[in-house]
Amino acid sequence: MTDCLFCKIVARQIPADIVLETGRALAFRDVNPQAPTHVLVVPKAHHENAAALAAADDGLADDLLTACHAVAVQEGVAEPGYRVVFNTGTGAGQTVFHVHAHVLGGRSLTWPPG
Ligand code: AMP
């Protein structure tokens, strides 16, 4: 998509602090981190949200979750644990409509979230 922020990051048209790249996913640090580790993991292909990603039904959702875990391991937060969040829709706070997993860790994470 030409007017999508995360498509532009994938295309290297906008800089980002990239921490991991796989064949179909890119992971980069959130500019407004909510935890010591706060990485966004996006598919390189444009899908609006998690539901659209799942509906694509080509294994891409699997790849994205695998990349999330790889980021957690790389960041040293796989133990004691980390959180993966997909804000889906404006009511949930989604502001960028290119699906992205927030990988959060490095501090005690309360439940339920606000
Ligand atoms: P969401 O509110 O779930 O759509 O998450 C969007 C996230 O993108 C927010 O946490 C923002 O801080 C983050 N964000 C916005 N612009 C950038 C950018 N250029 N590079 C990295 N993260 C960004």
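Residues numbered from 1 in each chain as written. Predicted model: local features only at pLDDT ≥ 70, side-chain atom pairs only at ≥ 80, totals over all residues. Heavy atoms only, no water.

### A look at the packing of aromatic side chains
Between two aromatic rings, the relevant description is the distance of the centres plus the angle of the planes.
Now for step 1: Under the definition given, this model contains one aromatic pair.
Now for step 2: On the numbers, 5.3 Å between centres and 75 degrees between planes, the contact of Phe6 with Phe28 is edge-to-face. In this pair, Phe6 sits in helix H1 (residues 5-10) while Phe28 sits in strand S2 (residues 25-29), placing the two residues 22 residues apart along the sequence. Considered together, Phe6 and Phe28 belong to a single accessibility category, that of buried residues. (Phe/Tyr/Trp six-rings, centres within 6.5 Å; stacked < 30°, edge-to-face > 60°. Helix = DSSP H or I, 4+ residues; strand = E, 2+ residues; numbered from the N terminus. Buried < 20%, exposed > 50% of the residue type's maximum accessible area, 1.4 Å probe, protein only.)

### A closer look at the site of the ligand
Now for step 1: Around the ligand, 16 residues are found, and the nearest of them are Asp30, Asn87, Gly93, Thr95 and His102.
Now for step 2: Residue Val96 places a main-chain N or O atom 3.0 Å away from an oxygen atom belonging to the ligand.
Now for step 3: One of the side-chain nitrogen or oxygen atoms of His102 is found 2.8 Å away from an oxygen atom of the ligand.
Now for step 4: Contact with the protein chains removes 82% of the 500 Å² of surface that the ligand exposes when unbound.
Now for step 5: At a threshold of 2 Å from the grid points, most atoms of the ligand map onto the largest pocket.
Now for step 6: When residues of the shell around the ligand are traced back to their parent elements, those giving at least two are H1 and S2.
Now for step 7: Considering each element in turn, the shell around the ligand owes the most residues, three residues, to H1.
Now for step 8: For the shell around the ligand, the per-class residue count stands at seven nonpolar, seven polar and two charged. (Near = heavy atom within 4 Å. Polar contact = N/O pair within 3.5 Å; in protein donor to acceptor, adjacent residues only side chain to side chain. Areas by Shrake-Rupley, 256 points an atom, 1.4 Å probe, with all protein chains shown as cover. 1 Å grid on protein atoms, 1.4 Å probe; cavity = no way out; pocket = protein on both sides within 12 Å on 5 of 7 lines; lining within 4 Å. Sits in = over half its atoms within 2 Å of the grid points. Nonpolar A, V, L, I, M, F, W, Y, C, P; charged D, E, K, R; others polar.)

### Quick look at the sheet that holds strand S3 (residues 37-43)
For sheets, the rule is that strands pair by backbone hydrogen bonds, running either parallel or antiparallel.
Now for step 1: Here we have five strands laid out as an open sheet, ordered S1-S2-S3-S5-S4, and antiparallel in their pairing. Where the open sheet ends on each side, the last strands, each with one partner, are strand S1 (18-21) and strand S4 (83-85). Each neighbouring strand pair of the sheet contributes to a mean axis angle of 20 degrees, computed without reference to strand direction.
Now for step 2: In this sheet, strand S5 (residues 101-105) lies alongside S4 in antiparallel orientation, the contact comprising three bridges. Counted as the bridge partner of Val85 is His102 from S5.
Now for step 3: Strand contacts of helix H3 (residues 60-75): S1, S2, S3, S4 and S5, with the helix running at about 155 degrees to S3, the strand carrying the most contacts. (Pairing = 2+ DSSP bridges. Axes fitted to C-alpha atoms, helices over the stretch in contact; angles between N-to-C directions. Contact = heavy atoms within 4.5 Å.)

### Topic: unusual backbone geometry
Now for step 1: Of the consecutive residues Glu79 and Pro80, the connecting peptide bond is found in the cis state with omega at 10 degrees.
Now for step 2: Residue placement: Pro80 occurs in the loop between H3 and S4.
Now for step 3: Across the junction of Trp111 and Pro112, the peptide omega takes the value 0 degrees, indicating a cis bond.
Now for step 4: Even without glycine at this site, Arg12 takes up a positive phi of about 60 degrees.
Now for step 5: In this structure, Arg12 sits in the loop between H1 and S1.

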